[in-house]
Number of protein chains: 2
Amino acid sequence: MYRTHTCGQLRVTDVNKEITLAGWVQTIRKFGAITFVDLRDRYGITQLLFGEQLQPELDANPLGREFVIQVQGFVQERSNKNRNIPTGEVEVQVHSFKILNKSAVPPFTITDETDGGDDLRMKYRYLDLRRNAVKKNLELRYAVSRATRNYLHEQGFMDIETPFLIKSTPEGARDFVVPSRMNAGQFYALPQSPQTFKQLLMVSGYDRYYQIVKCFRDEDLRADRQPEFTQIDCEMCFVEQEDILHMFEGLIKHIFHEVKGVHYKEKVERMTWEDAMWHFGNDKPDIRFGMKLCNLKKPASVFLQKTDNAALINGADFKVFDDAETVIAIAAPGCSEYTRKQTDELTEWVKRPQIGMKGLVFIKCNADGTYKSSVDKFYSEDKLKAIAEAAEAQPGDLILMLAGAEERTRKAISELRLEMGKKLGYRKETEFKLLWVLDFPLFEYDEEGNRWVARHHPFTSPKPADIDVMINNNPHIEDAAKYLEHPYANIKANAYDLVLNGNEIGGGSIRIFQRPLQEKMFAALGMSEEEAMHKFGFLLGAFEYGAPPHGGLAFGFDRLCAILGGSESIRDFIAFPKNNSGRDVMLDAPGPIDEKQFQELNIILNLPE
Amino acid sequence: MYRTHTCGQLRVTDVNKEITLAGWVQTIRKFGAITFVDLRDRYGITQLLFGEQLQPELDANPLGREFVIQVQGFVQERSNKNRNIPTGEVEVQVHSFKILNKSAVPPFTITDETDGGDDLRMKYRYLDLRRNAVKKNLELRYAVSRATRNYLHEQGFMDIETPFLIKSTPEGARDFVVPSRMNAGQFYALPQSPQTFKQLLMVSGYDRYYQIVKCFRDEDLRADRQPEFTQIDCEMCFVEQEDILHMFEGLIKHIFHEVKGVHYKEKVERMTWEDAMWHFGNDKPDIRFGMKLCNLKKPASVFLQKTDNAALINGADFKVFDDAETVIAIAAPGCSEYTRKQTDELTEWVKRPQIGMKGLVFIKCNADGTYKSSVDKFYSEDKLKAIAEAAEAQPGDLILMLAGAEERTRKAISELRLEMGKKLGYRKETEFKLLWVLDFPLFEYDEEGNRWVARHHPFTSPKPADIDVMINNNPHIEDAAKYLEHPYANIKANAYDLVLNGNEIGGGSIRIFQRPLQEKMFAALGMSEEEAMHKFGFLLGAFEYGAPPHGGLAFGFDRLCAILGGSESIRDFIAFPKNNSGRDVMLDAPGPIDEKQFQELNIILNLPE
């Protein structure tokens, strides 16, 4: 061993001990005949003092930043204590040292606030990983995985490894494929998730399965997506939705407790998908704050159970609202005094292409009870007051209203709500708020193909009450314009998402476990019997031999860690992430392969001109 | 929840409770108006009693093997107790039941001794996994992983995930490659191990890293090889060989204790590679038994430090021995009374192509102190006695002697020793014996390429004493016939293998951590500077910025589990294994991919005519 103690270990109680440390040179400060060096390792920083008698040796073997050294010395109490670090009361009076390895000058500083840009830090990821900020993220990640494993173990779950070289069954996302040398002309696929395997394990009776497992999707990348990502993947049998919700909110609460010291006492809220869309405009609402949507107007074909407030805005000859499919308002607390500049900025914000609205209508609910609006000439003070009441606005609030096509408007107002929530400080990193979103539609309509697609995946069961609707109706959509009238449009899935602070951190469903229903599902998605057998014959076969009722869920492990760490980027929580082109710039991968590999794999390149 | 208890839970203390169970029908036995059903789940088997009043219902909904049912009933004490199972004192008097799913008649019986052949069981792996024998293996696997994680956590190791989509650097084994869609014409490789990443983590200061991780090698498969396999992968920095041996024999002892209840008190034995080869004929000796090799004759060029017993056999005009490079004997205890048939069988055994020897020479050491040999006419009784003494044979033993080329003969006698050990009952599944094999040669000679190859891998450090030999000599081999005289032939690696009962369960090394030595290593292996930079530039770069001394090791997780489970086949310890052609016969993978995938990946097939 190169050391007797770590750099985070020594305390006043160790004074006078002779010790050996090894680590990296963080800083060097010379004061005449003595030199102070901060020595760093995974555990902390210890101050070293190179006294007069060691200076000639230091002059002969000068140290530099990030040099790896080993020192022997005595622990002594510091006169000038550093209360910010646990080792700050002592220092080591060095009596001999050895340079274990030198370092070139690093391309950026190894400090919390580094001077290195993103690209440089990705290229020298092994240096970036030395920074305390990054190390804390990986430590948090390990703590989350450890808490997860311990909780699931206590609950009787078994970690069972599923294969990585499987069969390509492109549904939705694209597979990464792997040419097989031993089976010429054939390919494995890397799993997008262990979905079918965990279901087979239920058929095998393994009851409570889990895995923290890499998954792969060959999709164009956004900032928070990686081609390879990690899931906490779970499945149970002989359970109903309620059992699963209970089990996995327990897991997240356990993680909060173990990793963040947060004792999440409240009951986890629940909301139907329809309510989430109606009140928040999206299916993963951030319920750390209110500002619920006031639905002033909606098309007749959607939210059949809901009533809009069209009476409040209709008949005012305001063409923008009259022509719009949908009008929605939110009340931003305490913003009635926004200046023209501020409201202009908000208007510009909603007009950005990412949001894509044509404009923003304001009503200022003045503190004195009066109203001032950008549409004063269409709406009397009384009408404005009625709208304000519907939007639950208080004096001092600013009402923001968007109008346009249903889908885009709802999405835009949802984004605007989040933006205002952020501006107003309602989205605190340190506050955690869980929400189950339930009763998703089972199908979505794919306009291009005029067919149904599975909103979750093809293995999700409809609600028990909807099974007959599914079985007894022909999935074919006669009139694309009236797809909403097809009985399939209203089938609800036995599915659930767990939302944390406006992020979907996990989702799952009760699965189909009867072959006829699974076959109907494949048919509904436009798969021929032959195709279904080719792709999923093993699963349909398994359902013939005593498949138990089962269900499960998967958490996005990278994102869960990021949210717990108070970050928006999952990349900061992955040791060796890829960039937006799917490249590892440190390795310079992917790269070319050699001729022999092409030959053995029986493939050749066919690059576009 | 579909049940109040599991099928392994009920005891006499539960008598009179009303309970609900769910599970699979294991067996059905009808006795007139009553029916006994054994209901099975992951936790055990409970006997159900369907009484008279339930028979009409049973007749209407007949049960079959592997049906999934839910039953309500009362627990009652059995008159005819089954002491073999924990639930054997009770049964459940069923008052209602529900068939949750039917089952076709399974293609083989779900019993410990199944009637299903290998192929059938692989195809219906989800049914095979129901068998208790297979379930126990996966439970053992989970227990080993859990014990591993707990031990390493206590020792301060961090689980850090390394990427799966990396760069192809074909060394030794073949890479599986993954065409990149976003980077046309380029390929990722799947990792053969996280070797370079764990070293980078040491450069980053993560100190104690571990991962239980899938690795991939595209090699032709033998019975105990899988294209994807799992490693317990570990690395530490600021350590020397001794620290690593201590840490990881601790891990294995902890696993023994937690998983097998074995308290391994002895010191783990250690042996140099040279001693292992000299005394046992291979580098992973099974030291549960003796029968060490008696080296009667060896070529002068090998085992320079060892002395053979050539005087005992030379000068007898026995051409077979005189012409042989190598003659080695072992003494099989208590086998002197072997019949002609038995010795003929042994002779046939060594003549099989897998062993490839021309014959076997015997000396029977009779109980009365006399000797009888198949080479009596060349060796007098005195000479036979001298050989017997050298072989440490006792009266009653049978000496087996092989002669031929050094490498083949040594391998053959090693195999013969293991075979005799097995025959004689010395290789007990329940006995565990660990051994460190140390001081491996750093290089092996590749005849075909007339070059050095790394015996372990290119990142293994030479012993400190040999570093100068490596740096200061030109690796080029002038005369292929005299490669053994090259200084590189005697360089010892700072490497170690952990052997359990004659199986290598883990291996590792102290790594090179200085760029010049690593460059010399790449050059020694015949890599040009350009090639080294292209493949491993990131690692050479990392060594420029303060790389600490480090080392580590990896265990073959599948094999470790198999040995602990007393099996020779790793396949029995993998939930979804592949066959010898790398196929998953259940999934029918690998398989074809579709035209769109080829187009997106910019490749086309180029099958041999």
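Keep in mind it's a predicted model, so treat the numbers as computed, not measured.

Check the secondary structure of chain A and you find 16 helices and 23 strands. Principal-axis analysis of the C-alpha atoms places the extent of chain A at approximately 90 × 75 × 55 Å. The 609 residues of chain A split such that 59% are buried. For chain A, contacts bridging at least 24 residues in sequence account for 68% of all contacts bridging at least 6. For chain A, the accessible surface area stands at approximately 25,200 Å², while carbon and sulfur atoms represent 47% of it.

On to the interface of chain A and chain B, then. Listed by partner, the interface residues are 127 residues for chain A and 127 residues for chain B. In total, chain A and chain B occlude about 11,500 Å² of area from one another, counting both sides; carbon and sulfur atoms represent 59% of this. As a salt-bridge pair, Arg141(B) and Glu161(A) come within 2.7 Å of each other at their nearest N and O atoms. On the surface where chain A and chain B come into contact, there are 77 residue pairs in polar contact (both at pLDDT 80 or more). Among the elements that line the side of chain A that touches chain B, the one with the most residues is helix H4 (residues 132-154) of chain A, at 11 residues. Taken together, the residues that form the side of chain A that touches chain B break down as 71 nonpolar, 25 polar and 31 charged. Strand direction decides the pairing type here: strand E23 (residues 603-605) of chain A and strand E23 (residues 603-605) of chain B, joined by 3 bridges, are antiparallel. Within E23(B), the residue paired with Ile603(A) across the bridge is Leu605(B).

This part takes up the UniProt feature "binding site: L-aspartate" (unreviewed entry) in chain A. All names here are of chain A. In the numbering adopted here, UniProt assigns the feature "binding site: L-aspartate" (unreviewed entry) to Glu171, Arg217, His456 and Arg511. By the element assignment, His456 lies in the loop between strand E19 (451-454) and helix H12 (467-472). Judged by relative accessible area, which is 33%, His456 ranks as partly exposed. Those residues in contact with His456 that sit more than four places away from it in its chain are Gly507, Gly508, Ser509 and Arg511. According to the relative accessible area criterion, Arg511 is buried, its value standing at 2%. A distance of 2.7 Å separates polar atoms of two side chains, one belonging to Arg511 and the other to Glu235.

This brings us to the sheet that holds strand E4 (residues 68-77) of chain B. All names here are of chain B. Judged by pairing direction, the barrel is mixed, and its 5 strands sit side by side in the order E1-E2-E3-E5-E4 before closing back on the first. Within the sheet, the average angular offset between the axes of one strand and its neighbour, ignoring direction, is 55 degrees. Bridge count for strand E1 (residues 18-31) against E4 is 7 bridges, and the pairing is antiparallel. Bridged to Ala22 within E4 is Gln70.

All names here are of chain A. Reading across from one edge, E6-E9-E10-E22-E21-E20-E17-E11 is the order of the 8 strands in this open sheet, with mixed pairing throughout. Of all strands in the sheet, those bounded by a partner on one side alone are strand E6 (158-159) and strand E11 (269-272). One ladder, built from 6 bridges, connects strand E20 (residues 495-500) with strand E21 (residues 503-510); its direction is antiparallel. Residue pairing in the sheet places Val499 in a bridge with Glu504 of E21.

Okay, the relation of the copies chain A and chain B next. In summary, the two copies of the chain are related to each other by a rotation about an axis coupled with a shift along it. Of the transformation placing chain A onto chain B, the axial shift is 0.0 Å and the rotation is 180 degrees, giving an RMSD of 0.1 Å. Such a turn and shift between the copies fits a two-fold axis. A high fraction, 100%, of the interface residues of chain A reappear at the interface in chain B, so the copies pair face to face through one surface.

Right, let's talk about the packing of helix H13 (residues 515-524) of chain B against helix H14 (residues 529-542) of chain B for a bit. Residues and elements named next belong to chain B. Put simply, H13 and H14 touch, their axes get as near as 11 Å, and they point 160 degrees apart. Between H13 and H14, the interaxial angle falls into the category roughly antiparallel. Helix-helix and strand crossings are classified by hand; for H13 and H14 the assignment is right-handed. Contacts from Arg515, Gln518, Glu519 and Phe522 in H13 reach Ala532, Met533, Phe536, Leu540 and Gly541 in H14. A per-class count over the contact of H13 with H14 returns 5 nonpolar, 2 polar and 2 charged.

What follows concerns the UniProt feature "binding site: ATP" (unreviewed entry) in chain A. Residue and element names in this part refer to chain A. The UniProt record annotates "binding site: ATP" (unreviewed entry) at Arg217, Asp218, Glu219, Gln226, Glu504, Gly556, Phe557, Asp558 and Arg559. Mapped onto the elements, Arg217 comes out in the loop between strand E9 (208-216) and strand E10 (228-237). A polar contact is formed between the side chain of Arg217 and the backbone oxygen of Gln192, at a distance of 3.5 Å. Mapping Gly556 onto the fold places it in strand E22 (residues 550-556). If sequence neighbours within four positions are ignored, Gly556 has contacts with Thr230 and Ile505.

What follows covers the pairing of E21(A). Residue and element names in this part refer to chain A. Across the 8 residues of E21, 6 count as buried, placing the element largely inside the fold. Linking two consecutive strands that pair antiparallel, namely E20 and E21, is a turn of 2 residues; a positive phi of about 55 degrees is found at Asn501 within it. In terms of strand pairing, E21 meets E22 through 5 bridges, oriented antiparallel. Counted as the bridge partner of Gly508 is Leu553 from E22.

This next bit is on helix H11 (residues 406-423) of chain B. Residue and element names in this part refer to chain B. The first and last C-alpha atoms of H11 sit 25 Å apart over 18 residues, in line with the 26 Å expected at 1.5 Å per residue. The complete set of buried residues in H11 reads Glu406, Thr409, Arg410, Ala412, Ile413, Ser414, Leu416, Arg417, Leu418, Glu419, Met420 and Gly421. Next to the buried residues of H11 lie helix H7 (273-280), strand E12 (294-297), strand E13 (326-332), helix H9 (340-351) and strand E16 (398-404). At the exit of H11 stands Gly425, carrying a positive phi of roughly 75 degrees.

Let's shift gears to the side chain of Ser204(A). Here Ser204(A) is to be found in the loop between helix H5 (195-203) and E9. Of the residues examined, Ser204(A) reaches a relative accessible area of 5% and is grouped as buried. At 2.7 Å, the side chain of Ser204(A) forms a polar contact with the backbone oxygen of Tyr126(B). With near-sequence residues (within four places) excluded, Ser204(A) lies in contact with Tyr126(B), Leu129(B) and Arg130(B).

Partitioning chain A into domains gives domain 1 (12-101), domain 2 (133-266 + 555-598), domain 3 (289-427) and domain 4 (441-492 + 514-547). The C-alpha-based centres of domain 1 of chain A and domain 4 of chain A are spaced at 68 Å.

This part takes up helix H5 (residues 195-203) of chain B. Within H5(B), 9 of the 9 residues are buried, which leaves the element mostly enclosed by the surrounding structure. Of all the positions in H5(B), only Gln195(B), Thr196(B), Phe197(B), Lys198(B), Gln199(B), Leu200(B), Leu201(B), Met202(B) and Val203(B) are classed as buried. Looking at the buried side of H5(B), the elements it contacts are strand E1 (18-31) and helix H3 (125-128) of chain A together with strand E9 (208-216), strand E10 (228-237), H14 and strand E22 (550-556) of chain B. Positive phi appears at Gly205(B), one or two residues downstream of H5(B), with a value of about 90 degrees.

This paragraph deals with the packing of aromatic side chains. A complete count under the given rule lists 63 aromatic pairs over all chains for this structure. Their ring planes at 65 degrees and their centres at 5.5 Å tell us that Trp24(A) and Phe238(B) sit as a pair that is edge-to-face. A residue pair is termed interchain when its members come from two chains, as with Trp24(A) in strand E1 and Phe238(B) in the loop between E10 and helix H6 (241-260). Accessibility classification places Trp24(A) together with Phe238(B) in one group, the buried group. Ring centres of Phe256(B) and Tyr264(B) lie 5.6 Å apart, and the angle between their planes is 35 degrees; this geometry places the pair in the tilted category. On the basis of relative accessibility, which here comes to 0%, the residue Phe256(B) falls in the buried class. Taking relative accessible area as the criterion, Tyr264(B) reaches 7% and is therefore assigned buried. A connected cluster of aromatic rings, assembled from ring pairs, spans Phe443(A), Tyr445(A), Trp452(A), Tyr483(A) and Tyr488(A). The aromatic ring of Phe289(A) is capped on one face by Arg417(A), whose charged end is 4.0 Å from the ring centroid.

Further remarks concern the side chain of Thr46(A). Within the element layout of this structure, Thr46(A) appears in strand E3 (residues 44-50). Aside from chain neighbours lying at most four places away, what touches Thr46(A) is Cys7(A), Gly8(A), Leu10(A), Leu21(A), Val37(A), Asp38(A), Leu39(A), Thr87(A) and Val92(A).

Residues and elements named next belong to chain A. Following the sequence through the fold, Ala575 ends up in the loop between helix H15 (557-564) and helix H16 (595-601). Accessibility expressed as a relative area gives 3% for Ala575, which makes it buried. Residues Ala575 and Asp128, 447 residues apart in the sequence, show an inter-C-alpha distance of 9.8 Å.

The next subject is the pattern of salt bridges. Per the stated rule, a full pass over the model turns up 84 salt bridges over all chains. Here Asp286(B) makes a salt bridge to Arg427(B), at a shortest N to O gap of 2.9 Å. A residue pair is termed long-range when its members are at least 10 positions apart, and Asp286(B) in the loop between H7 and E12 and Arg427(B) in the loop between H11 and strand E17 (434-438) qualify at 141 residues. With a closest N to O distance of 2.7 Å, Asp323(B) and Lys319(B) form a salt bridge. Here Lys319(B) and Asp323(B) lie together in helix H8 (residues 319-323), a separation of 4 residues that amounts to about one turn. With respect to class, Asp323(B) is no different from Lys319(B); both count as exposed. Counted as one network, the salt bridges with shared partners bring together Asp118(A), Arg121(A), Arg125(A), Asp128(A) and Arg131(A).

Conventions adopted
- The numbering scheme is per chain: residues are counted from 1 as the chain's sequence reads.
- Each chain gets a letter, beginning with A, and each ligand a number, beginning with 1, in the order they are written.
- Since the coordinates come from a predicted model, pLDDT governs what is reported: local features require at least 70, and pairs of side-chain atoms require 80 or more to be given and counted, while whole-chain, interface and lining totals use all residues.
- The side-chain numbers reported here are obtained from all heavy atoms of the structure, hydrogens and water having been left aside.
- Labels follow the DSSP assignment, with helices taken as runs of H or I lasting at least four residues and strands as runs of E lasting at least two, numbered in each case from the N terminus.
- When accessible area is computed with a 1.4 Å probe and restricted to protein chains, residues below 20% of their type maximum are described as buried, those above 50% as exposed, and intermediate ones as partly exposed.
- When checking whether two residues touch, look at their non-hydrogen atoms; a contact exists if any pair is within 4.5 Å.
- Areas reported here follow the Shrake-Rupley algorithm with a probe of radius 1.4 Å; residue values treat only the protein chains shown as occluding.
- Two parts lose some accessible area (1.4 Å probe) when they are put together, and adding that loss for both gives the buried area.
- By salt bridge we mean one thing: a side-chain nitrogen of Lys or Arg within 4 Å of a carboxyl oxygen of Asp or Glu.
- In protein, a polar contact means a hydrogen-donor-capable atom and an acceptor-capable atom, both N or O and within 3.5 Å, with residues adjacent in sequence counting only if both atoms are side-chain atoms; elsewhere, any N or O pair within 3.5 Å suffices.
- Only Asp, Glu, Lys and Arg are considered charged in this grouping, and only Ala, Val, Leu, Ile, Met, Phe, Trp, Tyr, Cys and Pro are considered nonpolar; every other residue, Gly among them, is considered polar.
- By definition, two strands form a pair when at least two bridges between them are found by DSSP.
- UniProt positions are given in the numbering used here, feature names are shortened, and annotations may be inferred rather than shown by experiment.
- Fitting a line to C-alpha atoms yields each axis, with helices limited to the stretch in contact; the angle taken between N-to-C directions then spans 0 to 180 degrees.
- The atoms used to superpose the copies are C-alpha atoms, taken from residues with pLDDT of at least 70 in both, and the fit is least squares.
- Should an angle fall under 35 degrees it is taken as roughly parallel, and over 145 as roughly antiparallel, whereas 65 to 115 is taken as roughly perpendicular and any remaining angle as oblique.
- Crossing handedness follows the turn of the near helix against the far one: under a right angle anticlockwise gives a left-handed crossing, and clockwise gives a right-handed one.
- A helix is expected to span 1.5 Å for every residue after the first.
- Boundaries of every domain are those given by an automatic assignment or by a domain database.
- Aromatic rings from Phe, Tyr and Trp, taking only the six-membered ring of Trp, are treated as a pair when their centres fall within 6.5 Å; an angle between ring planes under 30 degrees marks them as stacked, one over 60 as edge-to-face, and anything in between as tilted.
- Two limits define a charge over a ring: the Lys NZ or Arg CZ must be within 6 Å of the ring centre, and within 35 degrees of the ring normal.

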